[in-house]
Amino acid sequence: MMEQIRPEDRRHKQLVELVKKCVDFSYKYISERHDKWEKADKMDRSFVDVKETDEKGKKKNPFERSVFVPFSRAIKDVLITYYFNVFFGRRPYFQIYGRGPEDVKGAKIHEIVLDYQMEQQRFVLTGYNFLNDLLKYGFGNLKVSFIRLFKDIYQTIQRMEQFPFPHMIPDKQKRRVLDYEGPSLLNCDPYNTFPDVRVPVSKLQDGQFISWVCKRSFYHLKKMQQNNIYYNIEYLRKIGKET
């Protein structure tokens with residue numbers, strides 16, 4: 001079983017400081033791209049700045065241009081359409097073939113399992129967001145994790161009652177069962193993704209770290225703790241009050 005490091009432990013403080021240093025180091029260089037990314041966001045929304053001026057100080061819009069054609073947005077949408085047809089144009093999404101006759105049955109079973117997992121994770125929507133970030137920012141990131149989700153179901157069973165005479169009555173009982181177990185795909189906002197900038201984006205696996213900053217409600221954290229994903233959640237309230 002994994003050792004649980006308490007927040008008051010010296011090792012916990014060292015780990016927190018290390019994570020902060022990695023994020024700050026990456027943010028120093030990644031933030032230099034934010035201006036260009038914001039410009040790409042405006043172009044993607046076909047935003048027209050009516051206060052923009054040329055070199056002579058004359059307003060470009062709406063006086064110099066009577067029609068605004070969003071070429072960049074149009075090119076991006078065409079590329080996404082092409083990539084969609086390549087990666088998502090067939091079902092199942094991942095087609096698996098055995099190397100020999102003895103592998104055919106196992107490959108088909110694996111293929112069905114993968115297709116079910118992709119349906120549960122809304123693979124098409126996740127893939128669209130990934131391609132959109134990739135073409136707009138030049139950087140797209142997918143976080144892959146393993147999750148275990150549970151749900152409560154109610155079952156009606158017959159229970160024996162002795163009074164006033166022996167008879168059966170229906171009794172509704174709640175039972176917690178496993179709803180889904182498998183991989184989980186999540187789009188990471190490039191603005192909040194901080195990889196090791198000492199290696200190129202194409203070789204992120206060669207870096208020492210990659211961090212992602214997100215916000216989660218306390219209710220979500222408690223739910224994940226019930227599913228044995230997180231632990232030490234009870235300390236967050238105390239830490240939040242101190243900071």
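Attention in this report is confined to the structure presented alongside it. (Residues numbered from 1 in each chain as written. Predicted model: local features only at pLDDT ≥ 70, side-chain atom pairs only at ≥ 80, totals over all residues. Heavy atoms only, no water.)

A look at the pattern of salt bridges
We count it as follows: Any Lys or Arg side-chain nitrogen located within 4 Å of an Asp or Glu carboxyl oxygen qualifies as a salt bridge. Each helix corresponds to a stretch of at least 4 residues labelled H or I by DSSP, and each strand to a stretch of at least 2 residues labelled E; elements are numbered beginning at the N terminus. Burial status follows relative accessibility: with a 1.4 Å probe on protein chains alone, a residue under 20% of its type maximum counts as buried, one over 50% as exposed, and anything between as partly exposed.
If you walk through the whole model with that rule in mind, you get 16 salt bridges. One salt bridge in this structure joins K76 and D44, with 3.1 Å as the shortest N-O distance. Here D44 lies in helix α2 (residues 34-44) and K76 lies in helix α3 (residues 71-88), a separation of 32 residues in the sequence. Taking relative accessible area as the criterion, K76 reaches 8% and is therefore assigned buried.

Focus on α2
Filter applied, for reference: It is the directions from the helix axis to the C-beta atoms that the arc portrays. Here, residues are in contact when the closest pair of their heavy atoms is within 4.5 Å.
For α2, the complete set of buried residues consists of H34, W37, A40, D41 and D44. For α2, the arc enclosing every buried residue in end-on projection is 115°, short of the 170-degree limit, so these residues lie on one face. Across from the buried face of α2, at angles greater than 90 degrees, the exposed residues are D35, K36 and K39. If you follow the buried residues of α2, they end up packed against α1 (10-30), α3 and α5 (123-137). The first or second residue beyond α2 is S46, which carries a positive phi of 60°.

Thoughts on the environment of E38
As for its placement among the helices and strands, E38 is situated in helix α2. Separated by 99 residues in the primary sequence, E38 and Y137 have C-alpha atoms spaced 9.3 Å apart.

A look at the packing of α3 against α5
The test is simple: An axis is simply a line fitted to the C-alpha atoms; with a helix, the fit covers only the stretch in contact. Between two such axes, the angle follows the N-to-C directions and lies from 0 to 180 degrees. By definition in this entry, angles of less than 35 degrees are roughly parallel, angles greater than 145 are roughly antiparallel, angles of 65 to 115 are roughly perpendicular, and the rest are oblique. Handedness of a helix crossing follows the sense of rotation of the near helix relative to the far helix, less than a right angle counterclockwise being left-handed and clockwise being right-handed. Charged residues are taken to be Asp, Glu, Lys and Arg, nonpolar residues to be Ala, Val, Leu, Ile, Met, Phe, Trp, Tyr, Cys and Pro, and polar residues to be all remaining types, Gly included.
Remark: α3 packs on α5, axes separated minimally by 10 Å, with the N-to-C direction vectors making an angle of 140°. Put simply, α3 runs oblique to α5. In this structure, α3 meets α5 at a crossing whose hand is right-handed. From α3, K76, L79, I80, Y83, F84 and F88 reach across to α5, where they touch F123, V124, G127, Y128, L131, N132, L135 and K136. A breakdown of the residues in the contact of α3 with α5 according to their chemical character gives ten nonpolar, two polar and two charged.

Structural notes on the environment of W37
For W37, the location among the structural elements is in helix α2. Along the backbone, W37 and L149 are 112 residues apart, and their C-alpha atoms lie at a distance of 36 Å. If sequence neighbours within four positions are ignored, W37 has contacts with I30, Y137, P190 and Y191.

Concerning a nonpolar patch on the surface
Note the cut-off: Excluding any residue in a salt bridge, patches collect residues exceeding 30% relative accessible area, merging like charges within 9 Å and nonpolar Val, Leu, Ile, Met, Phe, Trp and Tyr side chains within 5 Å. A 1.4 Å probe and the Shrake-Rupley method give the accessible areas. Residues count as covered only by the protein chains that appear here.
A surface patch of nonpolar side chains, about 450 Å² in accessible area, is lined by F71, I75, L79, L134 and L135. When residues of the nonpolar patch are assigned to their parent elements, the largest contribution, three residues, is made by α3. Along the chain, the position of F71 falls in helix α3. Note on F71: relative accessible area 58%, which makes it exposed.

Concerning unusual backbone geometry
P92 follows R91 through a cis peptide bond whose omega is -5°. Turning to its location among the elements, P92 is positioned in the loop between α3 and α4 (104-120). The phi dihedral of R122 falls on the positive side, at around 50°, and the residue is not glycine. With respect to the helices and strands, R122 occurs in the loop between α4 and α5. The exposed category is assigned to R122, whose relative accessible area is 59%.

Structural notes on the packing of aromatic side chains
To be explicit about the condition: Only Phe, Tyr and Trp rings are paired, with Trp represented by its six-membered ring, and only when their centres lie within 6.5 Å; those with planes under 30 degrees apart are stacked, over 60 edge-to-face, the remainder tilted.
Scanning the entire structure with this criterion turns up 15 aromatic pairs. With centroids separated by 6.2 Å and ring planes inclined at 65°, the aromatic side chains of F84 and Y128 adopt a geometry described as edge-to-face. Taken as a pair, F84 in helix α3 and Y128 in helix α5 lie far apart in primary sequence, 44 residues in all. On the basis of relative accessibility, which here comes to 22%, the residue F84 falls in the partly exposed class. We classify Y128 as partly exposed; its relative accessible area is 31%. Seen from their ring centres, Y137 and Y191 are 5.8 Å apart, and the 80° between their planes marks the pair as edge-to-face.

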